[in-house]
Amino acid sequence: MTDDMLAALVRPDKVHKRVYTDPAIFDLEMERIFGQAWIYVGHASQVPKPGDYWTALIGREPVVMVRDRDGAIRVLYNRCPHKGAKLVADGCGHAGPLFRCPYHAWTFALDGRLRGVPFRQGYADTGFSLDDPQFSMRPVARIAERRGFVFCSLAENGPGLEAYLGGALASIDNFADRAPEGEVEAAGGVMRVMQHSNWKIFFENLNDTGHPQATHESSFAAARRTVREKLGGKTPFQLHIIEGNGEPNSFWESLELRCYDHGHSYMDAIFNAPTDAISLEYRGQLEAAYGVERAQAILSMNRHNTIIYPSCSPHTGFQQLRVIRPISIDRTLVEIFTFRLKGTSDAFFQRTISYTNIVNSPSSTVMVDDVEVYRRCQEGMASDGGDWISQHRMAGHDTPFEGGLLGAGISEVPMRNQFRAWASYMGEAVA
């Protein structure tokens with residue numbers, strides 16, 4: 001498929017359904033987008049000690065993030081150069097001082113260098129050498145860390161991480177700044193959901209202000225009925241975060257949608273910070289650590305879903321991070337992580353867990369609505385009912401600024417912005 005053919009699939013106010021349904025296009029995305037962009041791999045707190053590792057996918061490439069003996073974080077292809085076996089199983093663990101291949105027991109230092117092979121005498125006069133890089137684990141081309149969040153790029157060249165993130169960088173900083181000790185740590189494990197839809201559908205939905213009233217009607221209506229009929233009109237935190245999806249049109253129209261180069265964006269928060277005892281205690285801890293003025297500035301950055309295209313979405317207000325791992329043209333693995341703000345109470349962290357369970361977990365009464373419509377979109381796009389996917393809402397009314405676009409609350413500008421980045425990647429490799 002030529003670059004001209006790819007470009008013809010994206011127009012200012014619509015995209016062709018093939019971008020969601022053509023396996024050949026998916027293959028190109030893995031090469032040109034996930035093979036070039038900065039992709040989230042994991043958090044430094046997931047590998048606290050030398051030898052600790054965490055596995056991930058960058059596009060189709062299996063990698064392992066490991067803490068080296070000198071304390072540095074390395075990201076290596078999870079592949080033995082002998083027979084190609086994955087050196088560690090998917091997930092997390094502790095490798096000890098060396099990686100050891102389960103197939104033929106080749107061993108590697110934690111930075112990937114080959115350290116030993118069995119039957120060493122069998123390699124005499126064969127051209128094999130322990131010092132030859134081709135026999136060591138291959139490192140990814142580039143790795144960068146911001147406030148503990150580790151990103152990698154498989155491309156040797158391209159913008160640095162901070163330049164790439166642009167305005168989305170502030171969401172990562174705010175995530176960590178919300179901790180009284182200035183650091184966060186991944187806690188509570190990981191939940192995974194296999195969605196039967198294309199990876200782009202998930203990202204488009206995150207800043208889609210047009211869907212909550214329709215898609216989540218059953219869940220917010222049930223929450224309101226419970227408050228009215230069983231709780232005497234009092235709305236606990238658990239129902240407050242469900243009920244927010246049922247705000248009137250005027251609420252969604254008043255939100256700000258801010259988009260940045262490279263496909264990133266965020267929308268204003270749709271939940272105000274609670275004022276219960278746990279929240280007030282937390283605010284006091286933040287003010288004690290930073291001072292009243294600085295604490296207020298940190299909390300006033302109240303963003304809902306930030307999209308860090310094309311791999312993850314942090315939610316700073318409730319310490320969530322959702323990561324996407326595209327599997328195929330119609331299968332997307334979503335990983336949901338929760339974080340503990342260092343310096344806060346166990347009760348505050350339990351509220352974070354509550355948000356995860358209610359909104360983002362596999363058993364959520366909210367996310368199941370989204371996953372269902374994602375599947376319906378994927379199935380409908382494969383039909384002969386039409387060729388184009390509309391992105392017309394507020395098209396032509398976005399306000400440009402240096403490094404991005406600003407849209408009104410009901411605009412589909414985040415979707416158009418993502419395809420602006422998509423077309424750039426797919427038309428030519430990042431240089």
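Attention here is on the structure that accompanies the text.

Considerations on the overall build of the chain
Move 1: Looking only at helices and strands, the chain has 15 helices and 22 strands in total.
Move 2: At 23 Å, the chain has a C-alpha radius of gyration in line with the 22 Å of a compact globule built from 431 residues.
Move 3: Its C-alpha atoms give the chain principal-axis dimensions of about 80 × 55 × 40 Å.
Move 4: When each of the 431 residues of the chain is scored for burial, the buried share is 51%.
Move 5: Considering only residue pairs separated by 6 or more positions, the chain has 65% of its internal contacts joining residues 24 or more positions apart.

Concerning empty space enclosed by the protein
Move 1: This model, assessed by the stated rule, comprises two cavities of 30 Å³ or more.
Move 2: As a volume, the largest cavity reaches approximately 280 Å³.
Move 3: Lining of the largest cavity is provided by 23 residues; of these, His 216, Asn 245, His 304, Asn 305 and Asp 370 occupy positions nearest its centre.
Move 4: Within the residue set of the lining of the largest cavity, elements represented by two or more residues are helix H6 (199–206), strand S16 (303–307), helix H13 (346–360) and helix H14 (367–381).
Move 5: With three residues, H13 is the single largest residue contributor to the lining of the largest cavity.
Move 6: In terms of residue class, the lining of the largest cavity is made up of 11 nonpolar, nine polar and three charged.
Move 7: The volume enclosed by the second largest cavity comes to roughly 40 Å³.
Move 8: Tyr 40, Phe 149, Phe 151, Ile 172, Phe 175, Ile 308, Cys 312, Pro 314 and Leu 321 are the residues that line the second largest cavity.
Move 9: Elements with a minimum of two residues in the lining of the second largest cavity: strand S12 (149–153), helix H5 (169–177) and strand S17 (312–315).

Description of the pattern of salt bridges
Move 1: What the rule picks out here adds up to 32 salt bridges.
Move 2: Between Asp 68 and Arg 74 there is a salt bridge; the shortest N-O distance is 3.0 Å.
Move 3: You can call Asp 68 buried: its relative accessible area is 7%.
Move 4: Because the salt bridges share partners, they merge into one network encompassing Arg 146, Arg 147, Glu 162, Asp 173, Asp 177 and Arg 294.

Comments concerning the sheet that holds strand S15 (residues 265–268)
Move 1: Pairing is antiparallel in the open sheet, where five strands are placed in the order S16-S15-S14-S22-S21. Each edge of the open sheet is held by one strand with a lone partner, namely S16 and strand S21 (399–401). Pairwise comparison of adjacent strand axes, ignoring direction, gives a mean angle of 20 degrees for this sheet.
Move 2: Pairing analysis gives five bridges linking strand S14 (residues 256–260) to strand S22 (residues 404–408), with the strands arranged antiparallel. When the sheet's bridge partners are listed, Cys 259 is paired in S22 with Leu 405.

Details of the layout of surface pockets
Move 1: In this structure, the second largest pocket spans a volume of roughly 320 Å³.
Move 2: Every residue lining the second largest pocket is counted, 17 residues in all, and those nearest its centre are Ile 201, Glu 204, Asp 208, Cys 377 and Met 415.
Move 3: Within the residue set of the lining of the second largest pocket, elements represented by two or more residues are H6, H14 and strand S20 (388–390).
Move 4: It is H14 that contributes the most residues to the lining of the second largest pocket, four residues altogether.
Move 5: Its residues assigned to classes, the lining of the second largest pocket shows eight nonpolar, five polar and four charged.

Here we look at unusual backbone geometry
Move 1: In the segment running from Tyr 309 into Pro 310, the intervening peptide bond is cis, with an omega of 5 degrees.
Move 2: Relative to the elements of secondary structure, Pro 310 occurs in the loop between S16 and S17.
Move 3: Of note in the backbone geometry, Asp 125 takes a positive phi value of approximately 60 degrees without being a glycine.
Move 4: For Asp 125, the location among the structural elements is in the loop between strand S10 (114–116) and strand S11 (142–146).
Move 5: We classify Asp 125 as exposed; its relative accessible area is 85%.
Move 6: Backbone geometry places His 262, a non-glycine residue, at a positive phi of 75 degrees.
Move 7: Positionally, His 262 belongs in the loop between S14 and S15.

About the criteria used
Residues numbered from 1 in each chain as written. Predicted model: local features only at pLDDT ≥ 70, side-chain atom pairs only at ≥ 80, totals over all residues. Heavy atoms only, no water. Helix = DSSP H or I, 4+ residues; strand = E, 2+ residues; numbered from the N terminus. Rg over C-alpha atoms; globule rule 2.2 N^0.38 Å. Buried < 20%, exposed > 50% of the residue type's maximum accessible area, 1.4 Å probe, protein only. Contact = heavy atoms within 4.5 Å. 1 Å grid on protein atoms, 1.4 Å probe; cavity = no way out; pocket = protein on both sides within 12 Å on 5 of 7 lines; lining within 4 Å. Points joined across faces, edges and corners; volume = space filled by probe spheres on them. Nonpolar A, V, L, I, M, F, W, Y, C, P; charged D, E, K, R; others polar. Salt bridge = Lys/Arg side-chain N within 4 Å of Asp/Glu carboxyl O. Pairing = 2+ DSSP bridges. Axes fitted to C-alpha atoms, helices over the stretch in contact; angles between N-to-C directions.

So yeah, pure geometry; function would need other evidence.
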